[in-house]
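Observations on the model geometry
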Amino acid sequence: MNSELPENLPPQTRRSYSRFLGEVLASRKALEKRIGSYLKTVVGHPESNDAPDIEAAKRLAGALSKLVKACDIHCLLHVQAAVSYFVDHDDAEHDLRSPHGFVDDIEVFNAVCDHVGCEDFKIEP
């Protein structure tokens, strides 16, 4: 799979996603560790009026982990970019400062699922 951007990638996420595509490819185990570590950060975030949507983060973390395990090696770079987008809390919508902070992360994940032919893994925002 090439480094072409997913067709359904939201415009406000393209810059960050493109940057993540340039990362050195990590192992599946390392990607899963990044997902788990970031989820712990989200779950441990102090409660406030603008608290993150922890349930959305959990759903996305689970779906990302499944995709990391299941995707073809040729698709792993795009899956890694979706993981990197998820763990970057200061993306199009700050993950930890908004109850809607994971909507853009889910949109990126779903666009990657379409791009790599794993539409069955998509989740609702």
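The structure under discussion appears in the preceding block.
Here's what I pulled together on the structure shown here.

Parameters at a glance
- Residues numbered from 1 in each chain as written.
- Predicted model: local features only at pLDDT ≥ 70, side-chain atom pairs only at ≥ 80, totals over all residues.
- Heavy atoms only, no water.
- Helix = DSSP H or I, 4+ residues; strand = E, 2+ residues; numbered from the N terminus.
- Rg over C-alpha atoms; globule rule 2.2 N^0.38 Å.
- Buried < 20%, exposed > 50% of the residue type's maximum accessible area, 1.4 Å probe, protein only.
- Contact = heavy atoms within 4.5 Å.
- Areas by Shrake-Rupley, 256 points an atom, 1.4 Å probe, with all protein chains shown as cover.
- Lys, Arg positive; Asp, Glu negative; His and termini not counted.
- Charge placed at Lys NZ, Arg CZ, Asp CG, Glu CD.
- Phe/Tyr/Trp six-rings, centres within 6.5 Å; stacked < 30°, edge-to-face > 60°.
- Core = buried A, V, L, I, M, F, W, Y, C linked by side-chain atoms within 4.5 Å.

What follows covers the overall build of the protein chain. For the protein chain, the helix and strand inventory stands at 5 helices and 0 strands. Overall, the protein chain shows an N-to-C arrangement of helices and strands of α-α-α-α-α. Over its C-alpha trace the protein chain gives a radius of gyration of 13 Å, about what one expects of a compact globule, namely 14 Å for 125 residues. When each of the 125 residues of the protein chain is scored for burial, the buried share is 47%. When contacts within the protein chain are restricted to residue pairs at least 6 apart in sequence, those whose partners lie at least 24 apart make up 66%. Summed over its atoms, the accessible surface of the protein chain is roughly 6600 Å², and 50% of this surface lies on carbon and sulfur atoms. The centroid of the 14 positive side-chain charges in the protein chain is displaced by 8 Å from the centroid of its 21 negative side-chain charges.

Here the focus is the packing of aromatic side chains. In total, this model carries 3 aromatic pairs according to the counting rule given. When the centroid spacing of 6.4 Å and the interplanar angle of 85° are considered together, the rings of Phe 20 and Tyr 85 count as edge-to-face. Of this pair, Phe 20 sits in helix α1 (residues 14–21) while Tyr 85 sits in helix α4 (residues 76–87); the two residues are 65 residues apart in sequence, bridging distant segments of the chain. Taken individually, Phe 20 and Tyr 85 each receive the classification buried, so the pair is uniform in this respect. Pairing Phe 86 with Phe 102 gives two aromatic rings, centres 5.9 Å apart and planes at 45°, and the pair type is tilted.

Bringing the nonpolar core into the picture now. Judged by nonpolar contacts, the single largest core of 39 residues is most densely connected at Leu 64, Phe 86 and Phe 109. Those elements that provide at least two residues to this core are α1, α2 (28–43), α3 (54–70), α4 and α5 (103–115). With 9 residues, the top contributor of residues to this core is α3. Those residues in contact with Phe 86, other than ones at most four positions away along the chain, are Ile 35, Tyr 38, Ala 57, Leu 60, Ala 61, Leu 64, Asp 95, Phe 102 and Asp 105.

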